[in-house]
Amino acid sequence: MRKTMMIILVIFLTAFLILLYPGMGTSVEEEKNSTRLTFVAPFANAGYWGTAASGVLDAGKECGINVKCIGFAESDAKKQIRYIKSAIYSHADAIITAGIENSDEFNEVMKMASEAGIPVILIDCDIEGSERLCYIGTDNFEAGCLAGNDIAEVTEGKGAVAIIANQQSSINQQERIDGFNSVIEQYPNLNVVTVLKGDLNYMMMKEQIVNMLEEYPQVDAIFCAEGYSSSSVNQLLLNGDITYKNLKVVTFDVESYSFENIKEGRIYSTIQQDPYTMGKMAVEYLDQYLEGQTEMDSVVYTDIQSIKKENLDQVYNYKSGDVTWHTY
């Protein structure tokens, strides 16, 4: 009986010590696995940000880094900042997130991370002057130039163009529009006649686009500078309404209806980003930094591509793999 009690006591004490000192008995490789990275995304979804999270998780496995993915049902800058702070308070070893524009609170939380010795990499949206380690993502001006070249090509350099974006102030959107305009300005007979800043609700934006086309019947080409407008136009054109048959359309990003609309000629092209590589490279750079490599590029641009009917086989299907989101 005493022997049984001693065995139980030893098991209990061993379990207690393991809980109290979780690093006991870990090998060098297991110590590396204790590196903790928090990815705070503006959205938790199975599309663009889910694909970025897949890149983060895949690289985390390769580098032996434990990854936690945090996201939100709707974009909420205050929540995003709150959970970046939470990662700092919980002593994460590194953070990946997207920049928040015109936000003193975001700049303050970036300073907090820097003072705590926690490196932060921004993907998708850069905030120059913030205390980030680097930016990895799209060259948005160049992406706008690609879209401008596509519009010039499909219109043969003449016509009336409408630009559609969403109502949020966005560096990404503006850089794309600037790049687009830099190309359009080279064609005297190709003119931007209106810029619509639409609602963040898809149904309302679709209605706004219909109203815009009624107000500007001369419009024969559209450039959608971001995801909401692209999705709304894709849905509008999906049914093949003869009213919009002659519209020449270039969208941004790949979404559920892009493939079919490009295949059927309802959309000329879409500008494709690479969120998977953004996430993957961010982890790889952070791993190198934590291993002592401090010299690295401040800005790293990922690939962009114009997807048309002739290269539809190269379309990038956004996917979230086995991402487990901590959603708030």
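Quick caveat, the model's predicted, so the values are computed rather than measured.

Cut-offs applied
- Residues numbered from 1 in each chain as written.
- Predicted model: local features only at pLDDT ≥ 70, side-chain atom pairs only at ≥ 80, totals over all residues.
- Heavy atoms only, no water.
- Axes fitted to C-alpha atoms, helices over the stretch in contact; angles between N-to-C directions.
- Helix = DSSP H or I, 4+ residues; strand = E, 2+ residues; numbered from the N terminus.
- Parallel < 35°, antiparallel > 145°, perpendicular 65-115°, else oblique.
- Left-handed = near helix turned anticlockwise from the far one by under 90°.
- Contact = heavy atoms within 4.5 Å.
- Nonpolar A, V, L, I, M, F, W, Y, C, P; charged D, E, K, R; others polar.
- Buried < 20%, exposed > 50% of the residue type's maximum accessible area, 1.4 Å probe, protein only.
- Pairing = 2+ DSSP bridges.
- Right-handed = clockwise from strand over helix to strand, strands pointing away.
- Phe/Tyr/Trp six-rings, centres within 6.5 Å; stacked < 30°, edge-to-face > 60°.
- Lys NZ or Arg CZ within 6 Å of the ring centre and 35° of its normal.
- Expected span 1.5 Å × (residues − 1).
- Arc of directions from axis to C-beta.

Q: Help me understand the packing of helix 6 (residues 140–155) against helix 7 (residues 171–184), please; the structure alone is not making it clear to me.
A: Packing of helix 6 against helix 7 leaves a shortest axis separation of 6 Å and a crossing angle of 40°. Judged by the angle between their axes, helix 6 and helix 7 are oblique. Here the hand of the crossing between helix 6 and helix 7 comes out right-handed. The residues of helix 7 that touch helix 6, namely those facing Asn140, Phe141, Gly144, Cys145, Ala147, Gly148, Asn149 and Ile151, are Asn172, Glu175, Arg176, Asp178, Gly179, Phe180, Ser182, Val183 and Ile184. Looking at side-chain class alone, the contact of helix 6 with helix 7 contains 7 nonpolar, 7 polar and 3 charged residues.

Q: Would you mind going over the pairing of strand 9 (residues 248–252) with me for this structure?
A: It is a general feature of regular strands that their side chains alternate between the two faces of the sheet. Summarising burial for strand 9: 4 of the 5 residues are buried, a large majority. For strand 8 (residues 219–224) and strand 9, the ladder comprises 3 bridges, and the chain directions are parallel. Bridged to Phe223 within strand 9 is Val250. Note that strand 9 and strand 10 (residues 269–272) share 3 bridges and pair parallel. Bridge pairing in strand 10 places Val250 opposite Ser269. Chirality of the crossover, the property in question, places the unit of strand 9, helix 10 (residues 258–263) and strand 10 among those that are right-handed.

Q: Where do I start with the packing of aromatic side chains in this structure?
A: Each aromatic ring pair is summarised here by two numbers: the centre-to-centre distance and the angle between the ring planes. Tallied over the entire structure, the rule returns 7 aromatic pairs. Arranged with centres 4.2 Å apart and planes meeting at 20°, the rings of Tyr83 and Tyr328 form a pair that is stacked. In this pair, Tyr83 is assigned in helix 4 (residues 77–89) and Tyr328 in the segment after strand 13 (325–327), connecting sequence segments 245 residues apart. Overall, Tyr328 belongs to the partly exposed group, its relative accessible area being 35%. Counting every residue linked through ring pairs, the aromatic cluster contains Phe39, Tyr48, Trp49 and Trp325. One residue, Arg176, lies across the ring of Phe252, its end atom 3.9 Å from the ring centre.

Q: It is not clear to me how helix 5 (residues 104–115) should be interpreted in this structure. Could you clarify?
A: Each turn of an α-helix holds 3.6 residues, which means side chains three or four residues apart point in the same direction. With 12 residues, helix 5 extends 16 Å from end C-alpha to end C-alpha; this agrees with the ideal 16 Å at 1.5 Å per step. Residues of helix 5 that are buried include every one of Phe106, Val109, Met110 and Ala113, and no others. End-on view of helix 5: buried residues confined to an arc of 105°, all on one side of the axis. Turned more than 90 degrees away from the buried face of helix 5 sit Asp104, Glu108 and Glu115, all of them exposed. Of the surrounding elements, those touching the buried residues of helix 5 are helix 4, strand 3 (94–97) and strand 4 (120–123). One or two positions beyond helix 5, positive phi appears at Gly117, with a value near 75°.

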